[in-house]
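# Residue-level structural notes
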Amino acid sequence: MKSVLTVILFASSLLSFGQTTLQASGNIPPLFRYEDRVEYMKQLSRDRSSTPGKFNKLKHELLYANEFMFSEYVTDGVVIFGDEITTYLNDIVDELIGEDSPLRDSITVYTLRSRVPNAFMTPNGRMFVTLGLVAQVQNETELAFTLAHEIGHFVYHDFERKLRNGWDLRQERKYSERDKERVENLSNMFSREREAQSDLYAAQILSNSDIYNPENAIEMFDVLLFSYLPIDEYEFSFDWILPDSVQLSQDLNVEGVNPIVAKDDEDDTDRTHPNIQYRRDQYIEEIIDVVDDEMKKRSANPSGDERFASVNKLARQEVIRVNLHDFAYPRAIYNAYVCAKLYPELTDEMRISTGMALHGLTNIKAHDFYGDINPEADETEGEIHRVYHFCENTSGSDIAAIAVAYNTQLHADFPDNDFVNRIYEASARDFVRLYSLHLSSYTADPKDLEPVQDTLSEEEFQALSKIDKIYYQRKLQGIDSDWLSPLMFNSPNKNQLEELLDRVKEEYENDSTSREGLDEVEYREMVWEESFDQTGQVYFDLDSVIFFEPWTYSYDKNFANFYRINFRDALELREKIAHISQELVYEYGSDHIRFVSSQVFDESTIDIYNDYITCALFVTEDRHRGAAQMVNSYQRELAAVADRTGMKYLAIPTISVKNAKWPTSGGAVLMYVFPPFWPFLVGAVFVFQDTDNTFMDVYDMKTGEKVGRMVHDYRGPMSTAASQMVVYEMLMQLQNW
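In this report, the structure presented in the accompanying data block is examined. All of these numbers come straight from a predicted model, not from anything done at the bench. (Residues numbered from 1 in each chain as written. Predicted model: local features only at pLDDT ≥ 70, side-chain atom pairs only at ≥ 80, totals over all residues. Heavy atoms only, no water.)

What follows is about the overall build of the protein chain. The helix and strand inventory of the protein chain stands at 30 helices and 11 strands. Out of the 737 residues in the protein chain, the part that is buried amounts to 57%. Excluding contacts between residues fewer than 6 apart, the proportion of contacts in the protein chain whose partners are at least 24 apart in sequence is 78%. (Helix = DSSP H or I, 4+ residues; strand = E, 2+ residues; numbered from the N terminus. Buried < 20%, exposed > 50% of the residue type's maximum accessible area, 1.4 Å probe, protein only. Contact = heavy atoms within 4.5 Å.)

Encoded structure:
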């Protein structure tokens, strides 16, 4: 079966060498707290019901949709506050509009754990700036321009303007049911006129500031033009992933990369933003008579070169972590290579990220979803084209061999690193189980692959068959089909690896008798699919466990994927279930069970919130890898939570809508009578609540391995009483109350 992945955003907490990266800190903002969020949602509903007029109702609907987006971000663990980057962003906004101004009180800035360079403002004053953007800007003034641009949208009430011009959120609602990024786009779709106006506002704000020279932001337009590229351009050397004993096959190494073709004067007729050339020219015209000699003396980084460099570097590290979590492994390999070039002190961490990427690449190749989450190589530009071409055209078995060789060396260099050891052992399992490879195939002497002398005359060569001609030419070029055969020739760790592979092979042979002739991939996918259908009572009787906030998903078995349910239902059900779980854990639980939730309660601390983030990021990656069994890139952070809290297990409950029944006859009549409102009646007349079930996955936090799954059919609406019953039953099964 071909698995289809939804890419989920990712964050990081603690790197393997003790470098602290992004974590929330300080006081938890009010809107992260359960009571404040519930009251805010109730007020939105009251306003929507009591405010007359189509415009006001649409405005409140927009606010509700943005609250859904915010809730999704918090639930997925991708909103950051109080960290080094977010503090920097807020300091810039303070400088732009005044720390104590009424406008400043209306705006809150968050960092968003996303690799896509972007910044956007919501109509209720929440600005989100992605890690991808912070990683790409070249100085603080460019960043300040971007923030000022978004503030301009807020100041000019561009959301209300869009509504008044006939835009109807309800036309977009179908997107919000399955993809929160589509709701995010509602905050990015302004007219070209509005975008140009916000550019001019940014120019004015920078010019009126006491510390910024707007000339230092001119190249920001080039940053935007090339934002689809990686964090920097370096010619990629395959020595980063291949040992000296291997010469890359010529058909895997492109002679010239695809050129970078983005143009600043592209036709913008059908776009929401003017083209870059127009924006740049308009910006320069606005500032040309304003910038004086005194202003030109101002630094491009008024807060200090070191501070900007630190934030920029940190964002780039985090983008690589996002690449790994999103299964964008070719991009992770290239970005890790670039970071090692730019920051030699990060080389060890970048090597580990590369080892993780090669291991992950092995799995997505085996499970045949590489093409679902990575662009075609011919569509990529610049130096990263080399990496995409290599990853796309190298067979899964060759990737598995490269991964095991690479991670064997990592294991030798960092023998006490648990995360490295886990990747090393997993790569060995992939080598044997997924591709049935043997170490002896990769220990050849490189001399055997050196080009041979041409001994055939033209007549003798033409007398060869077509296939023999091809093989003869490859031998002349030294690119025999066994180009990887010297992979482990010079490795001093061959004996150690061979012992591990023998052990893995023995284990595989011992448990293969029950597989009914299925290979490893077929067996994994069969087990994964069946795990959603096996119901029954399972009692884990765990001595210490973190009970995670129950999630609400719609599971589409045909597409092997999870989707969030309708945003209004999701918000209401999520808040209800979280509150019930919190009450039951505190009322009936013990010191050996701990509840973590995105809904922050009075008892919550910043440590508990960060624990939730770690668990959320671990689980989103696990849920969306399907039947593949690569090591979770967030495993080391989860193990750190286990060490700090003393908890051994993580329980992830999920309320899943498996299949939607077709509507009743009454519902069909409504849909026939009111065809324009068909999209809105679907959620009301489809009998979602009659096909619910719950399942709970339990993980060993130290190893990341799944201990078991409990599946329980539940039919009927998820009322408060039913929710209490479901949560209580889960808790009972965890600790046998």
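Now that the structure is up, let's keep going.
End to end, helix α15 (residues 329–342) covers 20 Å across 14 residues, agreeing with the expected 20 Å (1.5 Å per residue, within 8%). The buried count for α15 comes to 12 of 14 residues, which makes it a mostly enclosed element. Along α15, the residues classified as buried are Tyr-329, Pro-330, Arg-331, Ala-332, Ile-333, Tyr-334, Asn-335, Ala-336, Tyr-337, Val-338, Cys-339 and Ala-340. Next to the buried residues of α15 lie α14 (305–325), α16 (347–366), α17 (370–373) and α18 (384–393). (Expected span 1.5 Å × (residues − 1).)

Now for the sheet that holds strand β2 (residues 108–112). With respect to topology, four strands assemble into an open sheet ordered β1-β2-β4-β3, the strand pairing being mixed. Each of the sheet's edge strands pairs with one partner strand only, and the pair in question is β1 (79–80) and β3 (119–121). Pairing analysis gives three bridges linking β3 to strand β4 (residues 126–130), with the strands arranged antiparallel. What sits directly across from Ala-119, in β4, is Val-129. Sitting on the sheet, helix α6 (residues 140–155) touches β3 and β4, and the angle it makes with β3 is about 25°. (Pairing = 2+ DSSP bridges. Axes fitted to C-alpha atoms, helices over the stretch in contact; angles between N-to-C directions.)

Before going further, it helps to examine the packing of aromatic side chains. Enumeration according to the criterion identifies 24 aromatic pairs in this entry. Seen in terms of ring centroids, Phe-236 and Phe-238 are 5.1 Å apart; in terms of plane orientation they differ by 85°. Their pairing is edge-to-face. Judged by its relative accessible area of 9%, Phe-238 falls in the buried class. Seen in terms of ring centroids, Phe-547 and Phe-595 are 6.2 Å apart; in terms of plane orientation they differ by 35°. Their pairing is tilted. With Phe-547 in strand β5 (residues 545–548) and Phe-595 in strand β8 (residues 593–596), this pair connects stretches of sequence that are 48 residues apart. Each member of the pair, Phe-547 as well as Phe-595, is classed as buried. Aromatic rings pair up to connect Phe-32, Phe-70, Tyr-73, Phe-81, Tyr-110, Phe-120, Phe-128 and Tyr-609 into one cluster. Positioned over the ring face of Phe-70 is Arg-126, at 4.1 Å from the centre of the ring. (Phe/Tyr/Trp six-rings, centres within 6.5 Å; stacked < 30°, edge-to-face > 60°. Lys NZ or Arg CZ within 6 Å of the ring centre and 35° of its normal.)

Quick look at α14 now. An α-helical segment advances 3.6 residues per turn. Residues three or four places apart therefore align on the same side. The first and last C-alpha atoms of α14 sit 30 Å apart over 21 residues, in line with the 30 Å expected at 1.5 Å per residue. The element α14 is largely enclosed, with a buried count of 15 among its 21 residues. With its phi angle positive at about 65°, Phe-327 sits one or two positions after the end of α14.

Here the structure, examined in full by the defined rule, presents 24 salt bridges. Linking Arg-280 and Asp-222 is a salt bridge whose minimum nitrogen-to-oxygen distance equals 2.8 Å. On the criterion of sequence distance, the pair formed by Arg-280 in helix α12 (residues 276–287) and Asp-222 in helix α11 (residues 220–225) is long-range, its members being 58 residues apart. Taking relative accessible area as the criterion, Arg-280 reaches 13% and is therefore assigned buried. Two residues, Arg-433 and Glu-520, come together in a salt bridge whose shortest N-O distance is 3.5 Å. With Arg-433 in helix α20 (residues 418–434) and Glu-520 in helix α24 (residues 520–530), this pair connects stretches of sequence that are 87 residues apart. Take Arg-433 and Glu-520: they sit in the same class, and that class is buried. Salt bridges sharing partners connect three or more residues here, namely Arg-321, Glu-349, Arg-636 and Glu-637. (Salt bridge = Lys/Arg side-chain N within 4 Å of Asp/Glu carboxyl O.)

This paragraph deals with the environment of Ile-241. Within the secondary structure layout, Ile-241 lies in the loop between α11 and α12. Considered as a pair, Ile-241 and Thr-354 are 113 residues apart in the sequence and their alpha carbons are 7.9 Å apart. Apart from residues no more than four positions distant in its own chain, Ile-241 is found in contact with Ile-333, Thr-354, Leu-358, Phe-390, Ile-402 and Tyr-406.

For the rest of this paragraph, the subject is the packing of helix α26 (residues 606–623) against helix α27 (residues 635–645). α27 packs onto α26 with a crossing angle of 145° between their chain directions and a minimal axis gap of 9 Å. Note that α26 runs across α27; the crossing there is left-handed. Taking contact as the criterion, the partners of Asp-607, Asp-611, Thr-614, Cys-615 and Phe-618 in α26 are, on α27, Gln-635, Glu-637, Leu-638, Val-641, Arg-644 and Thr-645. (Left-handed = near helix turned anticlockwise from the far one by under 90°.)

Locating Asn-301 in the fold gives a position in the loop between α13 (293–296) and α14. The class for Asn-301 is buried, based on a relative accessible area of 11%. Among the polar contacts made by the side chain of Asn-301, one reaches the side chain of Asp-305 at a distance of 3.0 Å. Dropping the residues within four chain positions of it, Asn-301 is found in contact with Asn-139, Glu-140 and Phe-308. (Polar contact = N/O pair within 3.5 Å; in protein donor to acceptor, adjacent residues only side chain to side chain.)

This part covers the environment of Ala-340. With respect to the secondary-structure elements, Ala-340 resides in helix α15. Given a relative accessible area of 10%, Ala-340 falls into the buried group. Sequence-distant contacts of Ala-340, that is, excluding residues within four places in its chain, are made with Trp-240, Thr-347 and Met-350.

Along the chain, the position of Thr-354 falls in helix α16. Each C-alpha atom, one on Thr-354 and one on Leu-324, is 9.2 Å from the other, the two residues being 30 residues apart in sequence. Within the local environment of Thr-354, its side chain forms a polar contact with the backbone oxygen of Met-350, the two atoms lying 2.9 Å apart.

Another point: the nonpolar core. In this structure, Leu-96 and Phe-390 are the most contacted members of the largest nonpolar core, which totals 121 residues. With residues up to four places along the chain from it excluded, the contact list for Leu-96 reads Ala-144, Leu-147, Ala-148, Ile-205, Leu-206 and Tyr-212. Counting residues in each nonpolar core, the second largest holds 36 residues, with Met-69, Phe-81, Ile-546 and Tyr-634 among its members. (Core = buried A, V, L, I, M, F, W, Y, C linked by side-chain atoms within 4.5 Å.)

Okay, unusual backbone geometry next. One non-glycine residue, Asp-368, adopts positive backbone phi at about 60°. Mapped onto the secondary structure, Asp-368 falls in the loop between α16 and α17. We classify Asp-368 as partly exposed; its relative accessible area is 47%. Despite not being glycine, Ser-436 has its phi angle at roughly 50°, a positive value.

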